[in-house]
Amino acid sequence: LRLPIAAENPSILAEMLATHGMLVFRDQEIGDEAQSRLGRCFGELAKFRPGDNWEGAVPEIFRGANIDASGGFLPADSERIKMLMLNWLWHIDGSYRAIPTGGAVLRGIEILEEEGDTIFANLRAAYEALPAGAKSRIDGLYARHSFEYMVNNNSMPPLRECDKAALAAVTHPLVRRHPDGCRSLYLSPPYMETIVGWGQGESRALIEELMEWATQERFLCRHQWRPHDVIAWDNGWTMHRVTPFDISQIGRAHVS
């Protein structure tokens, strides 16, 4: 990935990602520019707010680390550490947006080789394996996804009014229909406030029931990190989480 990507390769890589949902590239000692170049094979890259990143960073790259720009460990009660720990929960990136994040490219720079695995759930396979009655029950349902709901339920600092306006709650179908005709569950529990038209209790019960189903071992793929691994995933039909690790140890990654 340090070399320019041949003209025909972006479409090949995009097709591979659409087929498999997650790709792994081992031993890729690359910089931010090369990572961004790879990300563009899969679509247009989002740019992060200046306050979300370190000075001088490539704008399409977000740095996820438990250290500050000078290399010192962040306090355990800092907002960034709390945000990192939210990755321990099953989720889909950006599900709280009207147009969710299509996917991501993550690069491990300093890692814990015995901890912090990333686990992916295949939500296409999970939907396909559902009994017919369960499919009929959830087809046509919508869930309300809310960033504010996640913040309020995870002891995060309250959102500013401007952020509330920019991150208003949205609804997404519980069953996604993809261009190739396949269907998948669309689950991102930290952001799922309710099933539209349902009460809070019955909404949580259904979400938890579907989560228990979708996270069976038969639907999972575990990535055990090595230094300079690069992985790409499709947010449209995979869900992921990081296994808990000692947050006081070094760990740094870049995502586009």
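For the structure given in this document, a descriptive report is provided here. Counting from 1, residues in each chain are numbered in the order their sequence is written. For this predicted model, a pLDDT threshold of at least 70 governs which residues receive local features, and a threshold of 80 or more governs which side-chain atom pairs are given and counted, while totals over whole chains, interfaces and linings are taken from all residues. By convention in this description, side-chain values take in all heavy atoms of the structure and omit both hydrogens and water.

## Here we look at the overall build of the protein chain
A tally of regular secondary structure across the protein chain gives eight helices and 13 strands. Atoms counted for the radius of gyration: C-alpha only. Globule rule: 2.2 Å times the number of residues to the power 0.38. For the protein chain, the C-alpha radius of gyration of 18 Å lies close to 18 Å, the compact-globule estimate for 256 residues. For the protein chain, the spread of C-alpha atoms along the principal axes amounts to about 50 × 45 × 35 Å. Exposure is judged per residue with a 1.4 Å probe applied to protein chains only, and the accessible area is read against the type maximum: over 50% gives exposed, under 20% gives buried, and values in between give partly exposed. Here the protein chain, with 256 residues, has 46% of them falling under the buried criterion. Every residue pair with non-hydrogen atoms within 4.5 Å of one another is taken to be in contact. Across the protein chain, the fraction of contacts at a sequence separation of at least 24, relative to all contacts at a separation of at least 6, is 80%. Computed with a 1.4 Å probe, the accessible areas rest on the Shrake-Rupley method; for each residue, only the protein chains presented here act as cover. Roughly 13100 Å² of accessible area belongs to the protein chain as shown, and the carbon and sulfur atoms make up 52% of that amount. Here Asp and Glu are counted as negative and Lys and Arg as positive; His is not counted, and neither are the chain ends. We put the charge of a Lys on NZ, of an Arg on CZ, of an Asp on CG and of a Glu on CD. Mean positive and mean negative side-chain charge positions of the protein chain (26 and 34 charges, respectively) differ by 4 Å. Here a strand is any run of E in DSSP of at least two residues, a helix any run of H or I of at least four, and the numbering for each starts at the N terminus.

## Some thoughts on the sheet that holds strand β10 (residues 220–223)
Pairing between strands requires that DSSP locate at least two bridges from one strand to the other. The strand order β10-β4-β12 describes an open sheet built from three strands, whose pairing is antiparallel. Across the chains shown, the open sheet's two edge strands, defined by having one partner strand only, are β10 and β12 (238–242). Each adjacent strand pair in this sheet contributes to an overall mean axis angle of 20 degrees, direction not counted. In this structure, strand β4 (residues 118–122) lies alongside β10, joined through four bridges in antiparallel fashion. What sits directly across from Ile 119, in β10, is Arg 222. To obtain an axis, a line is fitted to C-alpha atoms, over the contacting stretch when the element is a helix, and the angle between two such axes runs from 0 to 180 degrees between their N-to-C directions.

## Considerations on the side chain of Asn 235
Topologically, Asn 235 is positioned in the loop between β11 (230–234) and β12. Taking relative accessible area as the criterion, Asn 235 reaches 1% and is therefore assigned buried. N or O atoms within 3.5 Å of each other form a polar contact, as long as, within protein, one can give a hydrogen and the other can take it, and as long as residues adjacent in sequence are counted only when both atoms are side-chain atoms. At a separation of 3.5 Å, a polar atom in the side chain of Asn 235 contacts the main-chain carbonyl oxygen of Thr 101. Residues within four places of Asn 235 in sequence aside, it is in contact with Ile 92, Asp 93, Thr 101, Gly 102, Gly 103, Ala 104, Tyr 186 and His 240.

## So, the sheet that holds strand β5 (residues 142–145)
On the basis of which strands lie adjacent, the open sheet formed by three strands has the order β6-β5-β9 and antiparallel pairing. The two strands at the open ends of the sheet, each matched to only one other strand, are β6 (170–173) and β9 (192–195). Each strand of the sheet is rotated relative to its neighbour by a mean of 30 degrees, with strand direction disregarded.

## Details of the environment of Val 170
Counting through the fold element by element, Val 170 comes out in strand β6. For the pair formed by Val 170 and Gly 133, sequence separation is 37 residues and the distance between their alpha carbons is 27 Å. Non-local contacts of Val 170, meaning those with residues more than four positions away in its chain, are made with Ser 95, Tyr 96, Arg 97, Ala 98, Ala 143, Arg 144 and His 145.

## Observations concerning the pattern of salt bridges
A side chain of one charge can pair with a side chain of the opposite charge when the charged atoms of the two come close. Between Lys or Arg on one side and Asp or Glu on the other, a salt bridge is scored when a side-chain nitrogen of the former is within 4 Å of a carboxyl oxygen of the latter. Summed over all chains, the structure comprises 11 salt bridges. Measuring nitrogen to oxygen at the nearest pair gives 3.7 Å for the salt bridge that ties Glu 60 to Arg 40. Taken together, the positions of Glu 60 in the loop between α2 (32–39) and β2 (62–65) and Arg 40 in the loop between α2 and β2 put the pair 20 residues apart, joining distant regions of the chain. Here Glu 60 falls in the buried class, since its relative accessible area comes to 10%. A salt bridge links Glu 161 to Lys 164, with the nearest nitrogen and oxygen atoms 3.4 Å apart.

## What to know about helix α1 (residues 9–20)
Over its 12 residues, α1 runs 16 Å from end to end, which matches the ideal 16 Å to within 8%, given 1.5 Å per residue. Just downstream of α1 lies Gly 21, where phi reads positive at about 85 degrees. Expected span of a helix, by definition, is 1.5 Å for each gap between consecutive residues, and there is one gap fewer than residues.

## Digging into the nonpolar core
In summary, soluble globular proteins display a tendency toward joint burial of nonpolar side chains. Counting residues in each nonpolar core, the largest one holds 25 residues, and the members touching the most others are Ile 138, Leu 174, Leu 185, Leu 187 and Met 239. The set of elements that each furnish at least two residues to this core consists of β4, α4 (123–128), β9 and α8 (200–214). In this structure, Leu 187 is in contact with Ile 92, Leu 123, Leu 174, Met 192, Leu 210, Met 211, Ala 214 and Met 239, ignoring residues within four places of it in sequence. Definition of nonpolar core: a set of buried residues of the types Ala, Val, Leu, Ile, Met, Phe, Trp, Tyr and Cys, connected through side-chain atoms within 4.5 Å. Counting 11 residues, the second largest nonpolar core, distinct from the first, contains Leu 17, Leu 23, Ala 34 and Val 105.

## Things to note about the side chain of Ser 188
For Ser 188, the position within the fold is in the loop between β8 (183–185) and β9. A residue is classified by how much of its surface remains accessible, and Ser 188, at 0% relative accessible area, is buried.

These results come straight from atomic positions and should not be treated as a statement about function.
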